[in-house]
Amino acid sequence: MPITEPNPGEYRSALRAPDDFDEHWARTLADSDAFALDASFTPAWRRAIEVHDVTFAGFGGHPVKAWLALPAGTTEPLPCVVEFPGYGGGRGLAHECLLYAAAGYAHLRMDVRGQGSGWSHGDTPDPVGTGPQHPGFMTRGVLDPGTHYYRRVITDAVRAVAAARAFPLVDASRVAVTGESQGGGLALAVGALVPDLAAVAPDVPFLCDHRRGAELATAGPYREVTAYLAVHRGHEEQVFRTLSYSDGVLFAERATAPALFSVAHMDASCPPSTVYAAYHRYAGPKRIEVYPFNGHEGGEAVQDAARLSFLDEIFAR
């Protein structure tokens with residue numbers, strides 16, 4: 001059922017980054033750079049929009065899938081929107097996500113390793129094993145930042161931007177990142193770790209202020225954390241320290257590209273105060289669309305229109 005937080009927009013997170021937060025990510029991305037990106041683009045579907053089947057090397061050199069869509073017959077490089085799926089979803093089928101290409105942009109939709117069997121089809125395995133976990137992805141390797149699942153996924157997301165830029169009909173100077181829920185959290189991470197993006201557009205972002213999310217959420221994947229801690233008593237500080245390395249609040253204060261957020265005030269999966277926690281810390285120019293009577297679905301098509309208007313404004317500069 002929906003949650004009601006009094007004045008969620010007034011919330012300010014007390015979360016602080018671990019001393020080695022920046023070093024952790026610099027080392028992780030440097031390690032990934034040891035692997036050639038090896039991005040390949042194979043024509044897969046063509047009507048008024050053409051879609052390419054993409055493979056690139058992500059974390060550990062592991063192959064990650066994506067789709068890249070753009071208007072058929074494109075001859076000049078286009079601005080590109082890189083999108084990350086929500087929790088449990090994958091890249092889907094080639095013809096499913098055509099909004100940005102229909103708007104005249106290139107669009108790369110990344111698969112999420114190990115996911116893609118919840119609500120949208122995926123094709124990318126996660127070959128890395130971890131210790132005991134609660135069913136789902138949040139607690140995979142959660143006792144160590146080096147083994148945590150989201151270290152791999154965030155690295156994949158950074159490499160996805162590089163893969164998009166490797167396509168000859170993408171204007172590498174005009175790349176934005178977006179996503180809903182988990183995808184919004186990944187967009188914030190990439191916004192911090194890739195310094196020359198044109199824009200960041202996180203919708204009802206997950207992965208923000210994990211501890212507060214675990215304390216307040218009545219649905220969704222934050223509940224995996226509370227279920228894990230209900231069994232693994234005494235690991236609370238260790239778990240939340242690991243989760244902090246993937247926290248959108250800490251990434252937000254390191255991101256400077258123009259941003260459009262959205263938040264839903266009846267969101268039971270990503271409590272609105274957790275979204276505001278990241279929004280208030282965001283270091284670049286920002287604005288937020290607020291949906292007072294919506295849950296985790298957020299603004300849906302209304303937000304799509306707002307996001308397209310925002311991107312049109314950014315890409316026209």
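Here we summarise the structure given alongside this text. Just so you know, these numbers come straight off a predicted model, no measurement behind them. Numbering of residues begins from 1 in every chain and follows the order in which that chain's sequence is written. In keeping with the model being predicted, local features are shown solely for residues with a pLDDT of at least 70 and side-chain atom pairs are shown and tallied solely at 80 or more, while totals for entire chains, interfaces and linings include all residues. The basis for every side-chain value is the complete set of non-hydrogen atoms in the structure, without hydrogens or water.

**So, the environment of aspartate 209**
Note the following rule: Helix and strand labels come from DSSP, where a helix needs a run of H or I of at least four residues and a strand needs a run of E of at least two; each type is numbered from the N terminus. Per-residue accessibility, obtained with a 1.4 Å probe over protein chains only, is compared with the maximum for each type, and a residue is labelled buried under 20%, exposed over 50%, and partly exposed between these values. Any two residues whose heavy atoms approach within 4.5 Å at even a single point are treated as in contact. N or O atoms closer than or at 3.5 Å make up a polar contact, with two conditions inside protein: a donor-capable atom paired with an acceptor-capable one, and, for residues adjacent in sequence, both atoms drawn from side chains.
Within the secondary structure, aspartate 209 sits in the loop between β7 (199-203) and α5 (210-216). The buried category is assigned to aspartate 209, whose relative accessible area is 6%. For the pair aspartate 209 and cysteine 270, spaced 61 residues apart in sequence, the C-alpha to C-alpha distance is 9.8 Å. Dropping the residues within four chain positions of it, aspartate 209 is found in contact with Tyr11, Ser13, Asp247, Val249, Thr274 and Ala277. Within polar-contact distance, the side chain of aspartate 209 engages the side chain of tyrosine 11 at 2.7 Å. Here serine 13 takes part through its side chain, which lies 3.0 Å from a polar atom of the side chain of aspartate 209.

**Describing the sheet that holds strand β8 (residues 259-264)**
The test is simple: For two strands to be treated as a pair, DSSP must find no fewer than two bridges joining them. Axes, fitted as lines to C-alpha atoms, cover a helix only where it is in contact. Angles between the N-to-C directions of the axes lie from 0 to 180 degrees.
A sheet is described by the order of its strands in space; here nine strands give the open sequence β1-β2-β3-β5-β4-β6-β7-β8-β9, paired in mixed fashion. The two strands at the open ends of the sheet, each matched to only one other strand, are β1 (40-46) and β9 (286-291). With strand direction ignored, the average angle separating the axes of adjacent strands in the sheet is 20°. Looking at chain direction, strand β4 (residues 78-84) and strand β5 (residues 106-110) are connected through four bridges and run parallel. Looking across to β5, one finds that valine 81 is bridged to histidine 107. Here helix α4 (residues 182-193) sits on the sheet and contacts β4, β6 (170-180), β7 and β8; the angle it forms with β6, its principal contact strand, is near 140°. Of the strands in this sheet, β4, β6, β7, β8 and β9 touch helix α10 (residues 300-315), which is tilted by about 170° from β7.

**Remarks on unusual backbone geometry**
One non-glycine residue, valine 204, lies in the positive phi region at around 30°. Considering the arrangement of structural elements, one finds valine 204 in the loop between β7 and α5. One non-glycine residue, glutamate 300, lies in positive phi territory at about 45°. Looking at the element boundaries, glutamate 300 is found in helix α10. According to the relative accessible area criterion, glutamate 300 is partly exposed, its value standing at 49%.

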